[in-house]
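The lines below spell out each chain.
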2 protein chains.
Amino acid sequence: MGKKCVGIDVGGTSVKIGIFETTGELLHKWEVGTRTEENGRYILDDVSASILETLKKLSLSLDEIKGIGMGVPGPVMPDGYVEVCVNLGWRDLYPGRELSSRLDGIPVLCGNDANVAALGEMWQGGGKGYEDIVMVTLGTGVGGGVILGEKIIAGKHGLAGEIGHIHIRDEETEHCNCGGVGCVEQIASATGIAREARRKMASTDIPSVLRQFGDDVTAKEVLDGAKAGDELAKSVIDIVGHYLGLTLAQITMVIDPEVFVIGGGVSKAGQYLIDEIFRHYDRFTPISKSKSKIVLATLGNDAGIYGAARLILD
Amino acid sequence: MGKKCVGIDVGGTSVKIGIFETTGELLHKWEVGTRTEENGRYILDDVSASILETLKKLSLSLDEIKGIGMGVPGPVMPDGYVEVCVNLGWRDLYPGRELSSRLDGIPVLCGNDANVAALGEMWQGGGKGYEDIVMVTLGTGVGGGVILGEKIIAGKHGLAGEIGHIHIRDEETEHCNCGGVGCVEQIASATGIAREARRKMASTDIPSVLRQFGDDVTAKEVLDGAKAGDELAKSVIDIVGHYLGLTLAQITMVIDPEVFVIGGGVSKAGQYLIDEIFRHYDRFTPISKSKSKIVLATLGNDAGIYGAARLILD
């Protein structure tokens, strides 16, 4: 029996944990709640206890585990140092060392959760079979991760893969959470898509199925409407596709990946969304007939545990 | 005596060649003309003959040379294959293998010239001491090169580092050479800066030292004028700084390098230009207080031979 590995995805509400074969097969996964009180000081105690308990339940011993990877919601320095994870209350710690010391010194490596999710999609998801991928996660915000040569590119200041905060729209006037104006996230996140729809409804008289929802319109309703042929919804998705296609074209001129993997809640719109993005991407890359592929993520919320487990396999 | 290495930079007019210590010291450099006739079939004969002759003159033997690197003006596949180098007439060849076969089978590695120049600036130029750099060359066009972990990132389709063809200006209507519209190169190259100045002169009545040059105004005159306080020239450089700063900010959100190295003829404007770029870069990266550095390239036209020599040292 080959060695196994463990992937941990630490979120603000729950910690997802998975046990994997080193070949990538997910054997068992579960969750524990995230205790954020007292600056999150109990989180790693809870995680280590839960891992030991689960291994016992599965009749596995710790020495059958090659190592543990952990994705955390904040920047992680190359030596594993975490200055701050706002959502967890963590400040000024080495979570990998901390967890390792609670588990007999087993190797533990940490990475930023968005980067780690990208690694997971490269390993066993939409980017399987590729070495160079860029993942773009379209959720409440827009996140990203860059993998080159099967390695996470974290950047000198932890900013690599911050696709959502590429400034893309000069005429925007509202501010983004990052302090900037005109970020990708302001257009292509779920909240961004809904806002674009509200703007379109307010600025035109075009009849639309979206008008029944008024200011409560959601990204899903916009995408469903566009797929059903609603003109106003289609015009909103055209804007979203334009800016996402342009963003991917810009990324291509920097690192030219083999494939872009699109994930997050918005990507549930499926191939329709991919086609819309590609149409614009193609337009913004006249320089080459050979194009990067654009595909859907396939691991959903499990991308983080897959990628975390993969961290330990280098 | 340690082994030496040779760097070759093949251009459309001349081939630059340098002999280096593996520690980075340039021992000797020279040039041979580029014979582009008959699809450039004599170029590698000329280069190999010149190298053998020069080694002899310097009382060096081929077995004191660890290997040879060569930068060529076109995309190079990971296996060394070159589909086309328009400026040389080359099509469908492996220039590294060809050169090696003319020089007793000595190891020869090839790379794209812009990428190789970036590697040279990392090794012994403005990016010395850094592992992750992005070079931006502001010349007749705008080129670039991305180095991560001391390695060239060439991209899946050879497009990595094509900084000049990032689409950056939506309101542009003229086409770029690449077939796109609104590329960085259309604004920040020497020709782009001159064009911006012509536009500004035509669209305003602002008095300016540039008006004496009329449509023959050059980028150098614009930069000199701006440094001397000429309002119109300053407004042109403000546009250039805006779009270059924005471009570097976008690159930061993808790979977050340690340093940007600015080279090419336009960079002769010196620290003034760097400060203008940084001012806008800072504005477009509110997400982080830690910023990548922006510095001047220092190797000038020798960056290519330095980088080519460095290619062979991995």
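This text follows the structure it describes.
Each chain carries its own residue numbering, running from 1 in the direction its sequence is written. Written order decides the labels, with chains lettered from A and ligands numbered from 1. In view of the model being predicted, local features appear only for residues whose pLDDT reaches at least 70, and side-chain atom pairs are presented and counted only at 80 or more, with totals across whole chains, interfaces and linings using the full set of residues. Computation of side-chain values covers all heavy atoms of the structure but excludes hydrogens and water.

K.L.:
Account for the overall build of chain A, with residues named and values stated.
P.N.:
A run of H or I in DSSP becomes a helix once it reaches four residues, and a run of E becomes a strand once it reaches two; helices and strands are each numbered from the N terminus. Along chain A, the regular secondary structure elements total 10 helices and 12 strands. Scaling as 2.2 N^0.38, a compact globule of 314 residues should have a C-alpha radius of gyration of about 20 Å, and chain A matches this with 21 Å. In terms of principal-axis extent, the alpha carbons of chain A reach across some 65 × 45 × 35 Å. The classification of residues rests on relative accessible area computed with a 1.4 Å probe and restricted to protein chains. Under 20% of the type maximum is buried, over 50% is exposed, and intermediate values are partly exposed. For chain A, the residues scored as buried account for 57% of the 314 residues in total. In chain A, once contacts between residues fewer than 6 apart in sequence are set aside, the share between residues at least 24 apart is 61%. Carbon and sulfur atoms make up 49% of the accessible area of chain A, which totals about 12,900 Å². Only C-alpha atoms enter the radius of gyration; for comparison, a globular chain is expected to reach 2.2 Å times N to the power 0.38, where N is the number of residues. Two residues qualify as a contact provided that any one of their heavy atoms is within 4.5 Å of a heavy atom in the partner residue. Note on areas: Shrake-Rupley, 1.4 Å probe, and residue coverage restricted to the protein chains presented here.

K.L.:
How would you sum up the sheet that holds strand β7 (residues 108-112) of chain B? Please name residues and give values.
P.N.:
Whether parallel or antiparallel, the strands of a sheet pair through hydrogen bonds between backbone atoms. Residue and element names in this part refer to chain B. Paired strands, in this sense, are two strands between which DSSP finds at least two bridges. Within the open sheet, the five strands sit side by side as β3-β2-β1-β4-β7. Their pairing is mixed. In the strand order of this sheet, the two ends are held by β3 (26-33) and β7, each with one partner. Strand-to-strand, the axes of this sheet are offset by a mean angle of 20°, without reference to chain direction. Helix α3 (residues 95-102) rests against β1 (4-10), β4 (65-72) and β7 of the sheet, and its axis sits at about 150° to β7. The convention used is that axes are lines fitted to C-alpha atoms, helices contributing only their stretch in contact, and that angles between N-to-C directions extend from 0 to 180 degrees. The strands touched by helix α4 (residues 113-124) within the sheet are β1, β2 (14-21), β4 and β7, with β7 carrying the most contacts at an inclination of about 105°.

K.L.:
Lay out empty space enclosed by the protein with the relevant residues and their values.
P.N.:
Whether a set of points on the 1 Å grid over the protein atoms alone is a cavity depends on a 1.4 Å probe fitting there but being unable to get out, while an open set qualifies as a pocket with protein on both sides within 12 Å along at least five of seven lines; lining residues are those with an atom within 4 Å of a point. Grid points are joined across faces, edges and corners, and a volume is the space filled by probe spheres set on the points. Summed over all chains, the structure comprises two cavities of 30 Å³ or more. Considering only enclosed or pocket space, the largest cavity measures out at about 70 Å³ in volume. Lining the largest cavity are H167, I168, R169, D170, L246 and Q250 of chain A together with H167, I168, D170, L246 and Q250 of chain B. Per-class residue counts for the lining of the largest cavity are four nonpolar, four polar and three charged. For the second largest cavity, the calculated volume is near 30 Å³. For the second largest cavity, the full set of lining residues is T252, D256, Y281, T285, S288, S290, K291 and S292 of chain A together with H157 and L159 of chain B. Under this grouping Gly is polar, as are all residues other than the nonpolar Ala, Val, Leu, Ile, Met, Phe, Trp, Tyr, Cys and Pro and the charged Asp, Glu, Lys and Arg. Its residues placed into classes, the lining of the second largest cavity shows two nonpolar, six polar and two charged.

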